[in-house]
Amino acid sequence: MDDGRHEPDGGAQDGPPGVPVAETPAGDRSTARGPSAAQGAAPVPGLPPTDQLLLALSRLGQAIRLGAWRNAGPHGLTPLQADIVTFLGGDDRPRRQTDVVRALASTAPTVSDAVRALAAKDLLTRGRDADDARAVSLRLTDAGRTEYRRLVQVPVELAEATGVLGAEDRGAVLRSAVAMMGVLQERRAIPVSRMCPTCRFFRPDAHDGELRHHCAFVDAAFADAELRVDCPDHATPD
Ligand code: SF4
């Protein structure tokens, strides 16, 4: 998605498709492939790197939304209803409605309305929690499970986009994303995810080598590329 702001007037545009080439400083067209040593470290044009990073993340988010991942589908789900089905589908065990409220950083009445709508669509059942009769327990129906599988189906273009990353790059991106999400969660800018760094079973950098982390739940070492952003066995520290 090129917005054209990196196109120098009449300048040469070598390089891979989609990768912008540095603009030639005005008045020196002889160095179209970049600044010479005599020019020193000329700033790369455009917004600063952190802004570029946010732009890139925003564009990726746009692609995910336009790719209709987790969209309304045949049951006309609202985004919250889709989130609830996705949350419940990630775990076979029944979940308390209060867990849903907490996980999605929503409010009890809002989630209650969405749950009622999902029950009316025959996508989930509501019952009494086995350990607390006052708590509402939620479970997907067979139709809800089918809807969950549809919601988590990754569109071809997104699968191709993530497929260009090798395990090492995927690990680096995932590790960076998890670090940024941690800050945003602390600031309550996004809902708290059931991700490794907030899990009581997580032992970061416990080992040397690629499999650097340890999950005490399954007692296994794992790499950055296996970090979980949403894990059904996540447990908050005591
Ligand atoms: S239980 Fe899940 S969230 Fe917790 S450390 Fe293991 S993989 Fe990560």
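Structure: above.
A brief look at the structure comes next.

Scoring rules and cut-offs
Residues numbered from 1 in each chain as written. Predicted model: local features only at pLDDT ≥ 70, side-chain atom pairs only at ≥ 80, totals over all residues. Helix = DSSP H or I, 4+ residues; strand = E, 2+ residues; numbered from the N terminus. Expected span 1.5 Å × (residues − 1). Near = placed C-beta within 6 Å. Nonpolar A, V, L, I, M, F, W, Y, C, P; charged D, E, K, R; others polar. Pairing = 2+ DSSP bridges. Contact = placed C-beta atoms within 7 Å. Axes fitted to C-alpha atoms, helices over the stretch in contact; angles between N-to-C directions. Parallel < 35°, antiparallel > 145°, perpendicular 65-115°, else oblique. Buried ≥ 20, exposed ≤ 12 C-beta atoms within 10 Å, placed from the backbone.

**Looking at helix 7 (residues 167–186)**
So, step 1. Helix length check: helix 7, at 20 residues, gives a terminal C-alpha distance of 28 Å against a target of 28 Å (1.5 Å per residue), a fit within 8%.
So, step 2. Directly after helix 7, the chain includes Arg-188, whose backbone phi takes a positive value near 55°.

**Brief notes about the site of the ligand**
So, step 1. Surveying the vicinity of the ligand reveals the residues Cys-196, Cys-199, Phe-201, Phe-202, Cys-215, Phe-217, Arg-228, Cys-231, Asp-233 and His-234.
So, step 2. By residue class, the composition of the shell around the ligand is 7 nonpolar, 1 polar and 2 charged.

**As for the sheet that holds strand 2 (residues 124–128)**
Strands in a sheet are paired, the pairing made by backbone hydrogen bonds, and the direction either parallel or antiparallel.
So, step 1. The sheet built from 3 strands is open, its strands ordered 1-3-2 with antiparallel pairing. One side of each edge strand has no neighbouring strand; the edge strands of this open sheet are strand 1 (95–96) and strand 2.
So, step 2. Inspection of the sheet shows strand 2 paired to strand 3 (residues 136–140) by 5 bridges, in the antiparallel sense. In the strand pairing of strand 3, Arg-126 is matched with Leu-138.
So, step 3. Sitting on the sheet, helix 2 (residues 79–89) is in contact with strand 1, strand 2 and strand 3, with an inclination near 85° to strand 3.

**Section: unusual backbone geometry**
So, step 1. Of note, Asp-122 is a non-glycine position whose phi angle comes to about 60°, a positive value.
So, step 2. Along the polypeptide, Asp-122 turns up in the loop between helix 4 (108–120) and strand 2.
So, step 3. If you check the backbone angles, Asp-205 has positive phi at about 50° while not being a glycine.
So, step 4. Mapping Asp-205 onto the fold places it in the loop between strand 4 (202–203) and strand 5 (213–215).

**Considerations on the packing of helix 2 against helix 5 (residues 142–151)**
So, step 1. Axis separation between helix 2 and helix 5 bottoms out at 9 Å; the angle between their running directions is 100°. Looking at the two axes, helix 2 sits roughly perpendicular to helix 5. On helix 5, the residues touching Ala-82, Val-85, Thr-86 and Gly-89 of helix 2 are Gly-144, Arg-145, Glu-147, Tyr-148 and Leu-151.
So, step 2. In terms of residue class, the contact of helix 2 with helix 5 is built from 4 nonpolar, 3 polar and 2 charged.

**Observations regarding the environment of Arg-203**
So, step 1. Along the chain, Arg-203 turns up in strand 4.
So, step 2. Classification of Arg-203 by C-beta neighbours within 10 Å gives partly exposed; the count is 14.
So, step 3. Here the alpha-carbon distance between Arg-203 and Ala-221, two residues 18 residues apart in the chain, equals 9.1 Å.
So, step 4. Beyond its immediate chain neighbours, meaning those up to four positions away, Arg-203 contacts His-213, His-214 and Ala-216.

**Considering the sheet that holds strand 6 (residues 220–222)**
So, step 1. The antiparallel open sheet is built from 3 strands, whose spatial order is 4-5-6. Of all strands in the sheet, those with a lone pairing partner are strand 4 and strand 6, marking the two edges.
So, step 2. In the sheet, strand 4 pairs with strand 5 via 2 bridges, with the strands oriented antiparallel. Directly across from Arg-203, in strand 5, lies its bridge partner His-214.

**Overview of the environment of Thr-125**
So, step 1. Mapping Thr-125 onto the fold places it in strand 2.
So, step 2. Residue classification places Thr-125 among the partly exposed residues on the basis of 14 C-beta atoms within 10 Å.
So, step 3. Note: C-alpha distance between Thr-125 and Arg-139 (14 residues apart in sequence) is 5.5 Å.
So, step 4. Not counting residues within four places of it along the chain, the set of residues in contact with Thr-125 comprises Ala-119, Arg-139 and Thr-141.

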